[in-house]
Amino acid sequence: MQQTLLAFGLMLAAGLIGAAGAAVDVTDDQGQNIRLAQPARRIVSLAPHVTELLYAAGAGDKVVGVVQYSDYPEAAKKVARVGGYTSVDMEKVVALKPDLVLAWKSGNRDAHLDKLRGLGIPVFINEPRKIEDVARSLSQLGKLAGTEAVAEAAAKAFRERHAALQARYSSRPKVRTFYEIWNRPLMTINGEHLISDVIRLCGGENVFARLPVLAPTIDTEAVLAAAPEVIVASGMGEARPEWLDDWRQWTKLQAVSRGNLFFIPPDQIQRHTPRILDGAERLCGQLEEARSRR
């Protein structure tokens, strides 16, 4: 018996047995099963939204590396940088000795992810496309990091807030909405994008929902032809972008004639995190404003 306990203690000290003594199995957003011998202890995040999700799921103290713009919460700013999400410094990642890398399919390069897998490092892909996917992501990351209690509580609170917004706004009269990611080139989102799900939540209708590309480049003529009642822009930071007012020259555009040119800070609506509901509340209020101007 003493020898058995001694062997167990040595294995635990060596990290061969997890805190719960059980392996972790989670299927990622590409349908790949990720199996860990124990909950991850050293995690590298290759996308700002993934970093934020990890902290929300109670796993912030396990994050040892992040990419540029991982700036929320405040503690994330102090974590070692491993480049940008499209320009990952592979040497820095490997030097951090991660037992798990969390990646974003739409932002990270396949070549980087394949190289990490080739080195034997588990890579979990996160790719939320619907609001509910944020809650699911919290649960997944909590399981991977062994912080299920915190993660499930966060997911529950998120779902409750989401349901309240649905009950209040989703059946409101439709508002034709154009979401402008950027002006040069002029970019928007299609119906598969998370932001389009936010528009639907608020009773809006994405005028470019049927385009085949997730974040397509369009032209001014396409916007004029779509005749949106509302134009919502994001920009780069907390300040309303000046280029949003460029639409004022098109006085016959309903969004212009009714004064429905709105701004939402990108961190509130372009990150796949619990803060997406902050952006949703803001957008729902803006669409209500547009309805009142009919």
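These lines cover the structure that appears in this document, whether it is placed above or below. The structure displayed is predicted, hence computed values, not measured ones.

**So, the pattern of salt bridges**
So, point 1. For the structure on display, the rule yields 24 salt bridges.
So, point 2. Measuring nitrogen to oxygen at the nearest pair gives 2.6 Å for the salt bridge that ties Asp-29 to Arg-136. Placement of Asp-29 in the loop between strand S1 (24–27) and strand S2 (33–36) and of Arg-136 in helix H5 (residues 131–145) is noted, with a sequence separation of 107 residues between them.
So, point 3. Look at Asp-29 and you get partly exposed, because its relative accessible area is 24%.
So, point 4. Among the residues examined, Arg-136 registers a relative accessible area of 27% and is labelled partly exposed.
So, point 5. Salt-bridge contacts for Arg-291 lead to Glu-288; the nearest nitrogen and oxygen are separated by 2.5 Å. Taken together, the residues span about one helical turn, with Arg-291 and Glu-288 both in helix H11 (residues 276–292) at a distance of three residues.

**Examining helix H7 (residues 194–201)**
So, point 1. With seven of eight residues buried, H7 is to be regarded as a mostly interior element.
So, point 2. Close packing links the buried residues of H7 with H5, helix H6 (148–169), strand S9 (175–180), strand S12 (204–206), helix H10 (266–269) and H11.
So, point 3. In the stretch just after H7, Gly-203 is the one whose phi turns positive, near 80°.

**Concerning helix H2 (residues 48–56)**
So, point 1. H2 sits mainly inside the fold: eight of its nine residues count as buried.
So, point 2. Looking only at H2, the buried set comprises Pro-48, His-49, Val-50, Thr-51, Glu-52, Leu-53, Leu-54 and Tyr-55.
So, point 3. For H2, the elements touching its buried residues are strand S3 (43–45), strand S4 (63–65), strand S7 (100–104), strand S8 (123–126) and H5.
So, point 4. Count one or two residues on from H2 and you reach Gly-58, which has phi positive near 85°.

**Considering the state of the cysteines**
So, point 1. Throughout the structure, instances matching the rule amount to one disulfide.
So, point 2. One disulfide in the model links Cys-202 with Cys-284; its S-S distance is 2.1 Å. Taking the sign of the S-S torsion, -80° for the link of Cys-202 and Cys-284, the bridge is left-handed. Of the two residues, Cys-202 sits in the loop between H7 and S12 while Cys-284 sits in helix H11, which places them 82 residues apart along the sequence. Of the two residues, Cys-202 and Cys-284, neither departs from the other in class, the shared state being buried.

**A short note on the sheet that holds S8**
So, point 1. Across the sheet, which stays open at both edges, the four strands sit in the order S4-S3-S7-S8 with parallel pairing between neighbours. Unpaired on one side and paired on the other, S4 and S8 mark the two borders of the sheet. Strand-to-strand twist across the sheet, computed as the mean angle between neighbouring axes with direction ignored, equals 35°.
So, point 2. Examined bridge by bridge, S3 and S4 share two bridges and lie parallel to one another. The residue bridging Ile-43 from the neighbouring strand is Val-63, located in S4.
So, point 3. Together, S7 and S8 form the strand contacts of helix H4 (residues 110–118), whose direction differs from that of S8 by roughly 150°.

**What to know about the side chain of Lys-62**
So, point 1. Along the polypeptide, Lys-62 turns up in the loop between H2 and S4.
So, point 2. No salt bridge forms around the buried Lys-62; measuring N to O, its nearest opposite-charge neighbour Asp-61 is 4.9 Å away.
So, point 3. In this structure Lys-62 touches Ala-40, Arg-41, Arg-42, Ile-43, Ala-145 and Thr-147, once residues within four positions along its chain are discounted.

Cut-offs applied
Residues numbered from 1 in each chain as written. Predicted model: local features only at pLDDT ≥ 70, side-chain atom pairs only at ≥ 80, totals over all residues. Heavy atoms only, no water. Salt bridge = Lys/Arg side-chain N within 4 Å of Asp/Glu carboxyl O. Helix = DSSP H or I, 4+ residues; strand = E, 2+ residues; numbered from the N terminus. Buried < 20%, exposed > 50% of the residue type's maximum accessible area, 1.4 Å probe, protein only. Contact = heavy atoms within 4.5 Å. Disulfide = S-S within 2.5 Å. Pairing = 2+ DSSP bridges. Axes fitted to C-alpha atoms, helices over the stretch in contact; angles between N-to-C directions. Lys, Arg positive; Asp, Glu negative; His and termini not counted.

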